[in-house]
Amino acid sequence: MTAEDFRFHPPDVPATPALRWVLARAYAARDTELAEIEGSAAVSLAKKLSLAARIASVQPPARLAGELGGPAAAELKQLRALAVAQEMRLGAALAAVDVAAADLRIPYAPLKGQALVLGGFAPDGGRPSSDLDLLVPELKLDSLQKELLRREFVVVGEGYEHQAAALRHEAGGMVELHRVLPGVRLAPRRSAHFEDLLAAGLLGPPASSTAFRPKGDLRLPRREILTAHALVHAIAQHGLAPAVFPGFLFFGDLLDLAFRD
C-alpha cells in the first residue's frame, strides 16, 4: 500500500486571519492573543472544518462575542446546541443499551466519541458524534443485538466483519456493536477483543464527573487504548472516506486525550 492509496485531501484554505483564529480558539491555550480577527469569515471556516461546536464549548461566551460580534457568536452557540442535542440522543440510546446489557449481564465498553465524553476528556457539547460505538465480548454480541431489536431499536445498516448491523434507537440515536477493535493489537497479527483489554487491565470505570450512571457493567477503555483507536480510525476512515470523519476533529481528540485529566 502506498501513500496514493489514502486520499488525504485537506481543504484548500489560505492562511488568513480567520484560519489563525479558528485554529487558535479550537486548539491553543485560552490566553492566546490574536491581532486580527474576521468574525463572519471565521465562523464560516469553523463550520467548514467541523470545529464550530468545539470552539463554542472551550471558549468563554464573552470572548467570542467580543472577538466575533454578537450575531457570529450566537451562530457558534447554536451549533454547539445542536451538538448537545445529538449527545442527548446518543445518551438515550446508551441508557437503553445499558438496561438491556444489565438484564443479560453483558459488559460493554464505549469507543470513539462517546468514550471521550464518558471519560471526561471531550469538552461538553464540543465533540460531535453521529453514532455510539460499543465493544462487547464477541460471544455475547449476537445475544445483545437480538435483545436490542426486541426493545427500542431497529436495524438501519449492514453488518461488517468487525461489527454488527447498525441500529437506531426510537429517540434517534445510532448504535453499532463491535466484536473487535480493528488495527489495535495487544498481540501480533490479531486485533484486540473485549476480553483482551479486560485481561490486560485496560478497561476501567467511567469518569465520576459525567452525568451518566450505568446500571450495567460499563467499562471505559484506558487513555492509551482510546488514543490508539483514534489513530487507527483516522487513518482508515479519514484516509479512505475523508468526508465521513473530519481530520480536524481527530486532532482535537488527540489533544484532549493528551492534556485533559
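Residues numbered from 1 in each chain as written. Predicted model: local features only at pLDDT ≥ 70, side-chain atom pairs only at ≥ 80, totals over all residues. Heavy atoms only, no water.

Engineer: Explanation requested: the overall build of the protein in the structure shown.
Structural biologist: Secondary structure summary: the protein contains 10 helices and nine strands in total. Relative to a compact globule of 261 residues, whose C-alpha radius of gyration would be 18 Å, the protein shows 19 Å and is just as compact. Projected onto the principal axes, the alpha-carbon positions of the protein cover approximately 55 × 40 × 35 Å. A total of 261 residues make up the protein; the buried ones form 45% of that total. Of the roughly 13100 Å² of accessible surface on the protein, a fraction of 57% belongs to carbon and sulfur atoms. A distance of 3 Å separates the average location of the 29 positive side-chain charges in the protein from that of its 30 negative side-chain charges. (Helix = DSSP H or I, 4+ residues; strand = E, 2+ residues; numbered from the N terminus. Rg over C-alpha atoms; globule rule 2.2 N^0.38 Å. Buried < 20%, exposed > 50% of the residue type's maximum accessible area, 1.4 Å probe, protein only. Areas by Shrake-Rupley, 256 points an atom, 1.4 Å probe, with all protein chains shown as cover. Lys, Arg positive; Asp, Glu negative; His and termini not counted. Charge placed at Lys NZ, Arg CZ, Asp CG, Glu CD.)

Engineer: Would you take a moment to explain the packing of aromatic side chains for this structure?
Structural biologist: Each aromatic ring pair is specified by the distance between its two centres and by the angle formed by the two planes. Scanning all chains against the criterion turns up two aromatic pairs. Considering the side-chain rings of Phe248 and Phe251, the 5.8 Å spacing of their centres and the 90 degrees angle between planes classify their relative orientation as edge-to-face. Here Phe251 and Phe248 lie together in helix H10 (residues 247–259), a separation of three residues that amounts to about one turn. Residue classification places Phe248 among the partly exposed positions, given a relative accessible area of 21%. Aromatic pair Phe250 and Phe251: ring centres 5.6 Å apart, planes at 45 degrees, arrangement tilted. Among the aromatic residues, those joined into a ring-pair cluster are Phe248, Phe250 and Phe251. (Phe/Tyr/Trp six-rings, centres within 6.5 Å; stacked < 30°, edge-to-face > 60°.)

Engineer: What's the story with the sheet that holds strand S1 (residues 109–111) in this structure? I'm lost.
Structural biologist: By way of backbone hydrogen bonds, the strands of a sheet pair with one another, either parallel or antiparallel. If you walk across this open sheet you meet the five strands as S1-S2-S5-S4-S3, and the pairing is mixed. Unpaired on one side and paired on the other, S1 and strand S3 (153–155) mark the two borders of the sheet. Strand-to-strand twist across the sheet, computed as the mean angle between neighbouring axes with direction ignored, equals 35 degrees. Here S1 pairs with strand S2 (residues 132–135) via three bridges, running antiparallel. Looking across to S2, one finds that Ala109 is bridged to Leu135. Against the sheet, helix H5 (residues 70–104) touches S2, S3, strand S4 (167–169) and strand S5 (174–178), its axis set at about 30 degrees to S2. (Pairing = 2+ DSSP bridges. Axes fitted to C-alpha atoms, helices over the stretch in contact; angles between N-to-C directions. Contact = heavy atoms within 4.5 Å.)

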